[in-house]
Amino acid sequence: MTARLLRCQRLLGMVVTMLGLLGIAAYTTMPRQEDPSFPARAGLLTVSYPGANAETVERLILQPLADELLQVEEVDYTSGTARTGVAVVNIRLYQTIYDTDSAWDRVRQAMERARQEFPDDVGRMVLDDRLTNTPTVVLAVGGAPSVTELSEVAERLKTTLSDLPGLSRIELEGEVDEQITLALDDAAIYRLGISPARVLETLAQRNQTIPGGFVVSHGRRLSVLPNSEFASVDAIRATPIELPDGSQVPLAAAAEVWRGPVEPRQPETWFDGERVVLLTLYMSEESTDAIRFGRDVRERLAQLRPEFAPYTLKEMFFQPDKVEERLDSLAWSLVLAVAIIIAVVFTGMGLRMGLLVASILPMVALISIGLYDLGGGVLHQIAVIGMVISLGILIDNAIVIVENIQTHIDHGVRRLDALKRSVRELAGPLGASTGTTLAAFAPLLLSKGGTADFTRGIPVMIMLTLSVSYLLAISAVPLLAARFLKPRRRHRADPLAGLAGRLGNLVARRPLALILAGVVLVVASLALTPYMKLQFFPNADRPRVVVEMYMPEGTDQERTAEVAAVLEQALRSRPEALEVHRFVGFTGPSFYYNLLQAPQAPNRGRMVIRTPTLADTAPLMAWIRGYVSERLPELDVTVGVLGQGPPRAAPVEVRVLHPDDAAREQAVRQVYAALRAAPGAVDVRHDLDLGVASIAIQVDDASAARYGISRSDVAQSLYGQSFGVVAEQYRQEDDPIPLVLRSREGTQLSLSRLLSINIYNAQGQAVPLSAIATVQTRWEPAARYQRDGVRVGTVTSNLLPGYSFSQALDGLDQALAESPLPAGTRLQYGGDAEGSGKANNALLTTAPIGILLLLFFLILQFNSFRRVGIILLTVPLATVGIFPGLVLSGSPFGFQSLLGVIALVGVVVNNAIVLLDVVDRQLDQGDGIREAVRQAVTQRTRPILLTTATTVAGLLPLAFSGSTLWPPMAWAIISGLLASTVLTLLVVPSMCALVIRRPVPEMENAPA
């Protein structure tokens, strides 16, 4: 191998140079995002059933849907809500599904099967299977008091922006559709002797699209266009309605006609107190650079603003700025880590050796980025973090090989002989140590699910950089070392050499005492685990406060808007609130990947407040809770900041199941009360509702039959009086506008007025409603909730700063132990507890593969079960520093900390491998085991300490960064590595001194 390497050194230099240039080109052109994107595993199904109450919707819509959807193998669970006139079903696919398009096709097939069981009058059924998509840019169009006018401007802007490079789609939110209202005067049509049915029939005949054919004149065809459609609102008013005596009156004599917003009100959006219409721009993920896309959007807006004046085009949420800010911050962390590592290497190895070792950093980084781009990788914070973690680890191979070559040169070996001997001695051990590190990250690479999708860039980048660093360490680095290294001066004092000698002597003299000390430290470390806080993912570091607003079920959107406006006005007086964005009737655009989308509902709203710093969010959240509790008691809010990791409804979620409604309601209230008293729980809420009042029309069938009226006639008349009936469409605009026939009052119809309306029979005769029916008011459930077809109650909670979900759930368990729930009650934990469990199970599923790979590399290298067992003892040694470090730093143990543990295991196993390799070489030369371990510690202390120092140094920028995501991982590695390195240098060779006596014996060639 070394002879071939020497012959091909020019070719090797050219290949490394070209791959480095490839990395530079890739870095400037590859797609950039802030966070990884998730497969589309979440969908929202909406089914309208006008006129049906919640129980009817549950029985006739939700149940058939749940039965069919549960038969789709890819569906993990369904969560359904039945309200008056609508059913909403959240559908989640299994986390292991990646071919989501095929899965959603099967979901649609199940929907069609369920439709066969629906009543005939069920309305539209719509599935949105792209809930996890996050808009890249959200623009607000303002500058006019008329929302209808703003909607037209937004449509024009949408058309103008549609050709942006990298754009996937544009959607409008907060816009207002129009309708032409024909408000019938009940007294007037009664006096004229006409019925609403006559008006509907006349409008249908008048508004037909009838071809007129064409005529030929001088050899050319001329189209004949009959004036059969409504050309204006005035034409609608002038439509003649025939009276019973044969005379005619214009429609305006019986109805008031106007053009305006549709009713009931559509979702509404405000930008800092100004009513606006939003454009949400989605870029093509995995192929578009978000930063470049943002620049293109801003350049286009700069050109369009004069054209669209006096309307304003503002940026509500601009993700490209966050991408650039995040990647720039991490890039500086990377540069700072490289600088610190180089300084450490120079200090520990000297200028000449340090320069050779440091040269591997830019080579590995550039080559890895180039290969990552060739594989379709996207540059986001997870990939950059993977590179930062690997910096200190990847330099280990170069340190060991350069140190070994320098040692041989110091002993008078010729340069090329030193190169050959070092590569021959170390190619195997370094390959085994690199392989074991790759094996440690293999479960994380192979696991599936939302958490794995979010963090997969870390194992990909670490495994890529370590593989490249190993190849360079046994090829390019030895060539450079053999060319530039010189013998060191003997008289120069070397503190590390002195320390190595003392440690070697200590191990050789007192191995048993060192082993016992290591055991005591491991036990003491494990004793600190009860004091650790558990956390799945920390909150994001964006200075945003998100207020979820819930009015009581049945609240009209107008009332929701009034209450939200009061809260916004109060917020705008606070100095911490730099911007306040308000959304009513829906939860607004999901401008951050972790935000869940909720279906439209008149009692829902969301407010997003930008604060100067992240530290300002906590006092503002406390103020909002106090203000709402004191001033707006009918409003229920949950206040929090943006989260990290896979989306979830709340950090703490408890689902309560019981077949009996009363027992389930009692259990929900009990869990609610217990969770409110739990430590750290705040904004605790349940989904039990007080119900809504409804008006029951009791039709006397006998009386109705005498007038020739059926129950269907009554229902249609009532619906037409309040909601209205679409009579025709006005087709003179870009989009058809419905003509809605209803009463003057519409949904504002008073109860006394409702009793006096007329019902018309087939002959057009008017009959007062009071003559054939009585009216009763009753109380009924506002909503019904199901999960996988079973009724369920849910209690959710946010967390105060500094608390974890485990503390809240522990408090809940203690309260329920003292006051048990009704017999037969089952609890299911969602939120962070469920997400953490799924992530851990995904890792455990693939962990055997990592263990098998680890054992494969170790046995391949040492061919000894004893040696493999000694090396595996380093894994518990890694815990000695992790748990105390997390407890003392106040960092919770979560998925980031688990990533740190995995990286740490790889490093300490590497250290044990290079130690044991020297022990075996010394045994082969005839040394005793005590002398062998002394030599191993003496020779390997410098590279092991330098590897520890470079790894710690590379992680210091992350540990002290302002990010909330990465410090727990950095501190887990730093504290664990500092403690485990010392123990590895002492305990592992001590175990060798007690367990190993001779080299691994060769198999005897015994006679047959």
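Residues numbered from 1 in each chain as written. Predicted model: local features only at pLDDT ≥ 70, side-chain atom pairs only at ≥ 80, totals over all residues. Heavy atoms only, no water.

A. Summary view of the overall build of the protein chain. Along its length, the protein chain carries 33 helices and 31 strands. The principal-axis extent of the C-alpha atoms belonging to the protein chain is close to 125 × 85 × 70 Å. Taken across its 1008 residues, the protein chain has 55% of its residues classed as buried. Only carbon and sulfur atoms are counted for the fraction: they give 56% of the accessible area of the protein chain, which is about 43600 Å². Computed over 90 positive and 100 negative side-chain charges, the inter-centroid distance for the protein chain is 12 Å. (Helix = DSSP H or I, 4+ residues; strand = E, 2+ residues; numbered from the N terminus. Buried < 20%, exposed > 50% of the residue type's maximum accessible area, 1.4 Å probe, protein only. Areas by Shrake-Rupley, 256 points an atom, 1.4 Å probe, with all protein chains shown as cover. Lys, Arg positive; Asp, Glu negative; His and termini not counted. Charge placed at Lys NZ, Arg CZ, Asp CG, Glu CD.)

B. Representation of the nonpolar core within the structure. If you look at the biggest cluster of nonpolar residues, it comprises 147 residues, and the most contacted ones within it are Leu161, Leu279, Leu281, Ile389, Leu472, Phe895 and Leu958. Per element, the largest residue contribution to this core is 18 residues, and it comes from helix H13 (residues 381–410). The contact partners of Leu281, leaving out residues within four places of it in the chain, are Pro135, Thr136, Val137, Leu139, Leu161, Leu164, Leu167, Arg169, Ile170, Phe293 and Val297. The next biggest cluster of nonpolar side chains, apart from the first, holds 39 residues, and it includes Leu514, Ala932, Ile944 and Met991. (Core = buried A, V, L, I, M, F, W, Y, C linked by side-chain atoms within 4.5 Å. Contact = heavy atoms within 4.5 Å.)

C. The arrangement of the sheet that holds strand E29 (residues 790–791) in detail. One open sheet accounts for six strands, arranged E4-E1-E3-E2-E28-E29; its pairing is antiparallel. Strand pairing shows two members of the sheet lacking a second neighbour, strand E4 (125–128) and E29, which therefore form its edges. Inspection of the sheet shows strand E1 (residues 42–48) paired to E4 by four bridges, in the antiparallel sense. Residue pairing across strands places Leu45 opposite Leu127, the latter belonging to E4. The strands touched by helix H3 (residues 54–69) are E1, strand E2 (75–83), strand E3 (86–93), E4, strand E28 (783–787) and E29; relative to E2, the strand with the most contacts, the crossing angle is about 170 degrees. In the packing of helix H4 (residues 100–115) onto the sheet, the strands contacted are E1, E2, E3 and E4, and the crossing angle to E4 comes to about 165 degrees. (Pairing = 2+ DSSP bridges. Axes fitted to C-alpha atoms, helices over the stretch in contact; angles between N-to-C directions.)

D. The arrangement of the pattern of salt bridges in detail. Considering all chains together, one arrives at 49 salt bridges under this definition. One salt bridge connects Arg921 with Glu425, and the closest N-O pair in it is separated by 3.8 Å. With Arg921 in helix H31 (residues 895–924) and Glu425 in helix H14 (residues 415–446), the pair connects residues that are 496 residues apart, well separated along the chain. (Salt bridge = Lys/Arg side-chain N within 4 Å of Asp/Glu carboxyl O.)

E. Spatial organisation of the packing of aromatic side chains. Throughout the structure, instances matching the rule amount to nine aromatic pairs. In textbook terms, an aromatic cluster arises when at least three aromatic residues are bridged by ring pairs, as seen for Phe38, Phe454, Tyr592 and Tyr593. Across the ring face of Phe318, the terminal group of Arg298 is positioned such that the distance to the ring centre comes to 3.8 Å. (Phe/Tyr/Trp six-rings, centres within 6.5 Å; stacked < 30°, edge-to-face > 60°. Lys NZ or Arg CZ within 6 Å of the ring centre and 35° of its normal.)

F. Looking closely at unusual backbone geometry. Cis geometry marks the peptide bond from Ala309 to Pro310, where omega comes out at 10 degrees. Along the chain, Pro310 falls in the loop between helix H9 (290–308) and strand E15 (312–318). Positive phi outside glycine occurs at Asp272, with the angle close to 50 degrees. Structurally, Asp272 is set in the loop between strand E13 (268–271) and strand E14 (274–283).

G. Up close: the side chain of Thr941. Assignment of secondary structure puts Thr941 in helix H32 (residues 929–959). Within the local environment of Thr941, its side chain forms a polar contact with the backbone oxygen of Val937, the two atoms lying 2.4 Å apart. (Polar contact = N/O pair within 3.5 Å; in protein donor to acceptor, adjacent residues only side chain to side chain.)

H. A look at a positive patch on the surface. On the surface, Arg866, Arg930, Arg997 and Arg998 cluster together into a positively charged patch. Here Arg930 shows up in helix H32. (Patch = residues over 30% accessible without salt bridge, like charges linked within 9 Å, V, L, I, M, F, W, Y side chains within 5 Å.)

I. Quick look at the sheet that holds strand E24 (residues 737–743). Strand order across the open sheet formed by four strands is E12-E7-E24-E23, with mixed pairing between neighbours. Across the chains shown, the open sheet's two edge strands, defined by having one partner strand only, are strand E12 (255–261) and strand E23 (725–730). When the angles between neighbouring strand axes are averaged without regard to direction, this sheet yields 25 degrees.

J. Structural detail: helix H29 (residues 865–872). Turning to H29, its buried residues are Arg867, Val868, Ile870 and Ile871. Viewed along the axis of H29, the buried residues span an arc of 160 degrees, placing them on a single side of the element. Seen from the buried face of H29, the exposed residues on the opposite side, beyond 90 degrees, are Phe865 and Arg866. The inward-facing, buried residues of H29 contact helix H28 (831–862), helix H30 (874–889), H31 and helix H33 (967–995). (Arc of directions from axis to C-beta.)

K. Here's a closer look at the pairing of E3. Judged by how many residues are buried, E3 sits mostly within the fold: seven of eight residues are covered. Pairing analysis gives seven bridges linking E1 to E3, with the strands arranged antiparallel. Bridged to Leu44 within E3 is Asn90. What sits between E2 and E3 in their antiparallel hairpin is a turn of two residues, with Gly85 showing a positive phi close to 85 degrees.

L. Quick look at the environment of Leu379. Inspection of the secondary structure assignment puts Leu379 in the loop between helix H12 (360–374) and H13. Expressed as a C-alpha distance, the spacing of Leu379 and Gly457, which sit 78 residues apart in the sequence, is 9.0 Å. Those residues in contact with Leu379, other than ones at most four positions away along the chain, are Tyr27, Met30, Pro31, Arg32, Gln33, Leu327, Tyr372 and Val384.

M. How the structure looks around helix H11 (residues 351–358). All of the buried residues in H11 are Met353, Gly354, Leu356, Val357 and Ala358. In this fold, the buried residues of H11 make contact with helix H10 (319–349), H12, H13 and helix H17 (476–484).

N. Quick peek at a nonpolar patch on the surface. Taken together, the side chains of Leu11, Met14, Val15, Met18, Leu21 and Ile24 define a hydrophobic patch exposed on the protein surface, amounting to about 560 Å² of accessible area. The class for Val15 is partly exposed, based on a relative accessible area of 35%.

O. Geometry of the packing of helix H2 (residues 9–29) against H12. Axis separation between H2 and H12 bottoms out at 7 Å; the angle between their running directions is 65 degrees. As for the relative orientation of H2 and H12, their crossing is left-handed in sense. Within the contact between the two elements, H2 uses Val16, Leu19, Gly20, Leu22, Gly23, Ile24, Ala26 and Tyr27 and H12 uses Met363, Leu366, Ile367, Ile369, Gly370, Asp373 and Leu374. Residues belonging to the contact of H2 with H12 are distributed by class as follows: 11 nonpolar, three polar and one charged. (Left-handed = near helix turned anticlockwise from the far one by under 90°. Nonpolar A, V, L, I, M, F, W, Y, C, P; charged D, E, K, R; others polar.)

P. Looking closely at the side chain of Asn133. Relative to the helices and strands, Asn133 resides in the loop between E4 and strand E5 (137–142). Residue contacts for Asn133: discarding those within four places in its chain leaves Arg169, Tyr282, Ser590 and Gln597.

Q. Quick peek at the confidence of the model for the protein chain. Scored by pLDDT, the protein chain comes out at a mean of 85, with 96% of its residues at no less than 70. Averaged over each element, pLDDT in the protein chain is lowest for helix H1 (residues 2–7) (66) and highest for strand E17 (residues 579–584) (95). (pLDDT = per-residue confidence, 0-100.)

R. Just the environment of Asn404, in detail. Inspection of the secondary structure puts Asn404 in helix H13. Sequence separation of Asn404 and Thr747 is 343 residues, and the distance between their C-alpha atoms is 86 Å. Here Asn404 is in contact with Ser422, Glu425, Leu426 and Arg940, once residues within four sequence places are set aside.

S. Quick peek at the environment of Pro64. Note that Pro64 resides in helix H3. C-alpha of Pro64 to C-alpha of Ala114: the two residues are 50 residues apart in sequence and 5.5 Å apart in space. Each residue touching Pro64, except ones within four places of it in the same chain, is listed here: Arg59, Ala114, Glu117 and Phe118.

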